[in-house]
Every structure is written in C-alpha cells, then in structure tokens.
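Okay, here's what each chain looks like letter by letter:
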Amino acid sequence: METPDSEKFRDSIGTITEEGKRAWVFPKKPNGRYYDKRKFISYILLAFLLLSPFIKINGNQFLMFNVLERRFNIFGFPFWPQDFHLFVVTMIIGVVFITLFTVAFGRIFCGWICPQTIFMEMVFRRIEYWIEGDRNKQRKLDRQAWNIEKIRKRILKWVIFLIISFLIANVFLAYLVGSDKLLKYISDGPLEHLSTLFPLIIFTVVFYFVFAWFREQVCIIACPYGRLQGVLLDTKSIVVAYDHKRGEGENGRKKIRKNEDRQALGHGDCIDCLQCVHVCPTGIDIRNGTQLECVNCTACIDECDHIMESINLPKGLIRYASEENIEKKVPFRLTARMKGYIAVLSILIGLLTGMLFIRNDVEATILRLPGQLYEHKDNNIISNVFTYKLVNKTTHDIEHISLKLMTHKGELKLVGTNDCFTVPKQDIAEGTLFVEINNSDLSGDRNTIEIGVYQNDQLIETTTANFLGPRSYK
Ligand code: SF4
Ligand code: SF4
C-alpha cells in the first residue's frame, strides 16, 4: 500500500538526505521562557553530574559504578555484589518510573534531564553559537571555502570540544573507578597507569565523536529509549504538540499577508514561517505530528510563541498537550494504564524500603573447601574444612568479631588468625576454618550447620554451611 502524501515524511528521517547522506542540522539558537528554564535546570544537573563522583557521604563516594570491582555507591550507600538483588530492584524501579513518566508526559526526560541533550544543547551547541554564530552564519561558514576564517573557527571549536570531551571522560572514569583513584592516577602521572590511560583516551574519542559529529543521531537512531516511544505513547500522553486544529483552520496554513482577514478566509493561525523547523535540533517539522525524532526540547514552543506574540495571536499554537486535548479539549487525567504503573511502582518502592531495612552491615559466606570430604579424627571426631568470607559494608572497622557454631556441639577453629579479629571498613576478611563435630551428633552424611558471627558476644549475622560426615547405615 502506498504511503499517503501526508504521512510520507515518516518514510525518512530529517537528518538523512534522499541520497542517503548526512543532512547536517544547523538549528537556530533558541530563546524564550522554556529555554531559560531548561538552562537553569541544566546548570544544576551539570553541576550534579560533574561533582557527584567527588562528593563523599560518611567517606563514601556519592555515586560510583565500579563495575570491575563490582562495587556501587548510590547516594552514598555502598552496594556490594551480595546486594545485587537490591541493585536489580532499584533498576526495575527506575525503569517503571521512566515508563510511567513517558506514558504520562512523553519524551520529557530527553529534553530536560538526559545528559546527552544537556551536554549537546547546553554545552557543545552553545560553544558553537559563540564561535560560529547563529544558524545562518553557521550555514554560510559551512558552505564557504576553507579560508583563514573558516580554518580558525573550526580549529578553535574542535580543540575546545576535544578538551571538554577529555574532561567528561575523566569524570566518567571517576564514576567507574572512584574519584580517589582517579586523583591518585593524575598525581602519579598518566604514564604510571597506562592501563587506565588507554580507556581514558577511548572515552575521550567516543565523547568527541558523539558531540562533534554524531550529535542528534544518538537520540534518533541509537537511543533505545527513543525507539520505545511508539509503544509507550498514546493519544492521552502529554507531548510537545502542534495544535493542528487551530494552526490549520478550515483551509490550511498560509503565509501572512498585510490587511488580509485570515479568519474570513478560513486559514489557521500558522503563518508557515518555518521558525519552529529552523530551531529544531533534530531537524523535524513538528506540524507533521508526534514523531520519533522529537526529544521534547521545547525550542519550537518558544519560537512559535514569539511569532504568535508578534502577530497578536494567543501563544501556545505549539505547546505541551495530548492529542486528545487538541482534538476534544479534554484535560489531562490519570488513565487506567498510568494507575497500574503507579500501583506497581508503589509496591516495588515498598519492597525496596523493606529490603534496605533488613539489610545487614556484615554479610558472611561460609563454603566447604571444594574437593575436600571429611577427616575422621580420634575420639570419633569428624572434621570439615571451610573457607569464610565476611564483607563489611559500613564505613567503619568492625572489631572483636568471632565465629561460633550454633546448631551443633563442636569446635570451630580459624586457621592462621586469632579467634577474635577485625573486618576493615568497606573491605573483606577471608580465610579458612575447621569445624569439628562428634560423629554421634551428626545425622548422616549431609548435615546443615549454622554459624553465628558475633561482635563482642552480640550476634550480628548468621549463615549456614553443609557439613559432610560418614554415611549412616543404621
Ligand atoms: S513557528 Fe508557529 S507559525 Fe511559524 S510555522 Fe511553526 S507553527 Fe507555524
Ligand atoms: S519538534 Fe520541537 S520539541 Fe521536538 S525536538 Fe524539535 S524543537 Fe524540540
């Protein structure tokens, strides 16, 4: 079936020409009330993104995602591999929250909060405006031959982009390896840590590529969240939308003419000035309807509002609205789908709160040494050898720790350490231990024993292990 003319724009994306080449977007510099608000929020988020790895709470980095050592800090709370279930629940909450938010408010996250948009529109693009000027000057510079002016401006821009990409790569590394390590690597000198310098260079190149060349393609082609819009949005979702009823009128949009009675002619309020298209950083025409490429950046709202003001018409021809609101003037209300997501989100948050509440400061794992059976000793004593691992998740040393057998009469002997030891803060104490139990107290070859972790005789954690004995033929 052939695509109707009105839908043909969906067959291609605005940043690719008919020949399949890149159509470079030169968006006009936005200005207006939404842009001012976005700038303000961006400054706060940029400060948050850049400073978070260097802020500490109780000695813990505020945010850290050390994948290699499997250590994560979220808002100053350390999470260990043993807390993986908490991490998974937190991630699911994040996904449900974003889904709910998207169903209700569309791609608003992309325009206001996403680091890609913030760095692209509020850092790199603004440097570009500063060096190369607004849309028309940029287009002229792009078309002109490589003269002194063009070489000077482009090199200046690329060098600044590279420096900023390098700084972002360093901050990114601070999230991954921890800011203390990063600062140490810097003070030691990069050549002392070549294994870190190499990824740092790769990150720098990736960031430079994304912000200097790939740009809006990230949101249009690469971002999986963007691709989800088609499934998440419906006619009740609030998105940046063109009021086609008002804009087109009965006889469509038309350029403005002096002393013309547009109302009498049945033309809508859109004067086809194309300013909303020129300002769009993803190169689309919002008047075609909601599109995958739209990141809800609001630049077209501001631009159209200026036009409406200048021709004495009410603002809001492009505004935050749902399709239902434009068609039937229905105000926003919670749908059954949104209520369902809110219910799931509430349950998950309750679950996470409960799990955090019962989370132990110390986590013990005791496992029988692989490949070892048991040893039959004098006086009918059966001995098993185990490895133990105690994780201290707190930011202080936990002293006077001892391990005791809780379920059976017998002895527990640590190898090569005192019976009472310390687990250093945010660290692991591990070693080997023997458990000896009289055969008469065992019930067959497989027994579950419970071992308690005590601090100054106070039980702080329990764990179980399998204890092997001789087979019973009773
Ligand atoms: S800026 Fe407003 S008036 Fe101008 S083309 Fe876009 S929608 Fe129409
Ligand atoms: S259509 Fe409007 S809101 Fe969407 S990306 Fe373009 S300028 Fe931003």
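Preceding block: the structure.
Treat the numbers as computed from the prediction; the structure is a model and nothing was measured.

This paragraph deals with the overall build of the chain. When you go through the chain residue by residue, the secondary structure sums to 17 helices and 16 strands. For the chain, the spread of C-alpha atoms along the principal axes amounts to about 110 × 60 × 45 Å. Split into buried and exposed, the 474 residues of the chain put 44% on the buried side. Summed over its atoms, the accessible surface of the chain is roughly 26,100 Å², and 61% of this surface lies on carbon and sulfur atoms. Looking at charge distribution, the chain has the averaged site of its 59 positive side-chain charges lying 6 Å from that of its 52 negative ones.

If you check the shell around ligand 2, you find 13 residues, and the closest are Cys280, Cys294, Cys297, Thr298 and Cys300. Among the residues making up the shell around ligand 2, the classes are represented as 10 nonpolar, three polar and no charged.

With that settled, the discussion passes to the side chain of Asp305. Relative to the assigned elements, Asp305 resides in helix 15 (residues 299–310). Accessibility expressed as a relative area gives 4% for Asp305, which makes it buried. Once you skip the residues sitting within four places of it in the chain, Asp305 turns out to touch Arg33, Lys315, Gly316 and Ile318.

Taken together, Tyr242, Cys270, Ile271, Asp272, Cys273, Leu274, Cys276, Arg287, Cys304, Met308, Leu317 and Ile318 make up the full set of residues adjacent to ligand 1. Looking at the shell around ligand 1 residue by residue, the classes come out as 10 nonpolar, no polar and two charged.

What the four strands build is an open sheet, ordered 13-11-15-16; its pairing is antiparallel. Edge positions in the sheet fall to strand 13 (421–423) and strand 16 (458–468), since each has one partner strand and no second. If you compare each strand with its neighbour and ignore which way they point, the axes differ by 40° on average. By the bridge criterion, 10 bridges tie strand 15 (residues 446–455) to strand 16 in an arrangement that is antiparallel. Among the inter-strand pairings, Val453 is bridged to a residue of strand 16, identified as Glu461.

On the basis of which strands lie adjacent, the open sheet formed by three strands has the order 3-4-5 and antiparallel pairing. Sheet topology places strand 3 (63–66) and strand 5 (77–79) at the edges, where each strand pairs with a single neighbour. In this sheet, adjacent strand axes meet at a mean angle of 25° when their direction is disregarded. Sheet analysis places strand 3 next to strand 4 (residues 71–74), joined by four bridges and oriented antiparallel. By the bridge assignment, Asn66 is partnered in strand 4 with Arg71.

What follows covers a negative patch on the surface. A cluster of like negative charges, contributed by Asp397, Glu399, Asp427 and Glu430, occupies part of the molecular surface. One can find Glu430 in strand 14 (residues 428–438).

The next thing to look at is the packing of helix 6 (residues 148–177) against helix 8 (residues 194–214). Interhelical geometry of helix 6 versus helix 8 gives an angle of 130° and a closest axis separation of 8 Å. Classed by the angle they form, the pair helix 6 and helix 8 counts as oblique. The hand of the helix 6/helix 8 crossing is right-handed. In this structure, helix 6 contributes Trp158, Phe161, Leu162, Ser165, Phe166, Ile168, Ala169, Asn170, Phe172, Leu173 and Leu176 to the contact, and helix 8 contributes Thr196, Leu200, Phe203, Thr204, Phe207, Tyr208, Phe211 and Ala212. Of the residues belonging to the contact of helix 6 with helix 8, the class tally is 15 nonpolar, four polar and no charged.

Attention now moves to the side chain of Arg246. Mapped onto the fold, Arg246 is located in helix 12 (residues 244–248). Of note is the side chain of Arg246, whose polar atom sits 2.5 Å from the backbone oxygen of Pro314. Setting aside chain neighbours within four positions, we find Arg246 in contact with Gly268, Asp269, Met308, Leu313, Pro314, Lys315, Gly316 and Leu317.

So, on to the pattern of salt bridges. Under the defined criterion, the tally for this structure stands at 33 salt bridges. For Glu324, the salt bridge goes to Arg333, with nearest N and O atoms at 3.8 Å. When its relative accessible area of 13% is taken as the criterion, Glu324 is described as buried. Several salt bridges converge on common partners, so that one network encompasses Glu128, Glu132, Asp142, Arg154, Lys157 and Arg215.

Going through the model one piece at a time under the given rule, you end up with 22 aromatic pairs. With a centroid separation of 4.7 Å and 25° between ring planes, the pair formed by Phe72 and Phe87 is classed as stacked. In this pair, Phe72 is assigned in strand 4 and Phe87 in helix 2 (residues 84–105), connecting sequence segments 15 residues apart. Exposure class is identical for Phe72 and Phe87. Each is buried. Here Lys150 stacks its cationic end above the ring of Trp146, 4.7 Å away from the centre of that ring. Across from the ring centre of Phe79, 5.4 Å away, lies the NZ or CZ of Arg359, which sits over that ring.

A word on unusual backbone geometry. For Phe75, which is not a glycine, the phi torsion comes out positive at approximately 50°. A positive phi is found at Asn259, a non-glycine position, where the angle reads about 55°. Considering the arrangement of structural elements, one finds Asn259 in the loop between helix 12 and helix 13 (262–265).

So, on to the packing of helix 1 (residues 33–51) against helix 4 (residues 115–132). Between helix 1 and helix 4, whose axes approach to 10 Å, the crossing angle comes to 110°. What the angle tells us is that helix 1 and helix 4 run roughly perpendicular. Residues Tyr35, Arg38, Lys39, Ser42, Tyr43, Leu45, Leu46, Leu49 and Leu50 of helix 1 lie in contact with helix 4, whose contacting residues are Pro115, Thr117, Ile118, Phe119, Glu121, Met122, Val123 and Arg126. When its residues are assigned to classes, the contact of helix 1 with helix 4 shows 11 nonpolar, two polar and four charged.

Calculation notes
- Residues numbered from 1 in each chain as written.
- Chains lettered and ligands numbered in written order.
- Predicted model: local features only at pLDDT ≥ 70, side-chain atom pairs only at ≥ 80, totals over all residues.
- Heavy atoms only, no water.
- Helix = DSSP H or I, 4+ residues; strand = E, 2+ residues; numbered from the N terminus.
- Buried < 20%, exposed > 50% of the residue type's maximum accessible area, 1.4 Å probe, protein only.
- Areas by Shrake-Rupley, 256 points an atom, 1.4 Å probe, with all protein chains shown as cover.
- Lys, Arg positive; Asp, Glu negative; His and termini not counted.
- Charge placed at Lys NZ, Arg CZ, Asp CG, Glu CD.
- Near = heavy atom within 4 Å.
- Nonpolar A, V, L, I, M, F, W, Y, C, P; charged D, E, K, R; others polar.
- Contact = heavy atoms within 4.5 Å.
- Pairing = 2+ DSSP bridges.
- Axes fitted to C-alpha atoms, helices over the stretch in contact; angles between N-to-C directions.
- Patch = residues over 30% accessible without salt bridge, like charges linked within 9 Å, V, L, I, M, F, W, Y side chains within 5 Å.
- Salt bridge = Lys/Arg side-chain N within 4 Å of Asp/Glu carboxyl O.
- Parallel < 35°, antiparallel > 145°, perpendicular 65-115°, else oblique.
- Left-handed = near helix turned anticlockwise from the far one by under 90°.
- Polar contact = N/O pair within 3.5 Å; in protein donor to acceptor, adjacent residues only side chain to side chain.
- Phe/Tyr/Trp six-rings, centres within 6.5 Å; stacked < 30°, edge-to-face > 60°.
- Lys NZ or Arg CZ within 6 Å of the ring centre and 35° of its normal.

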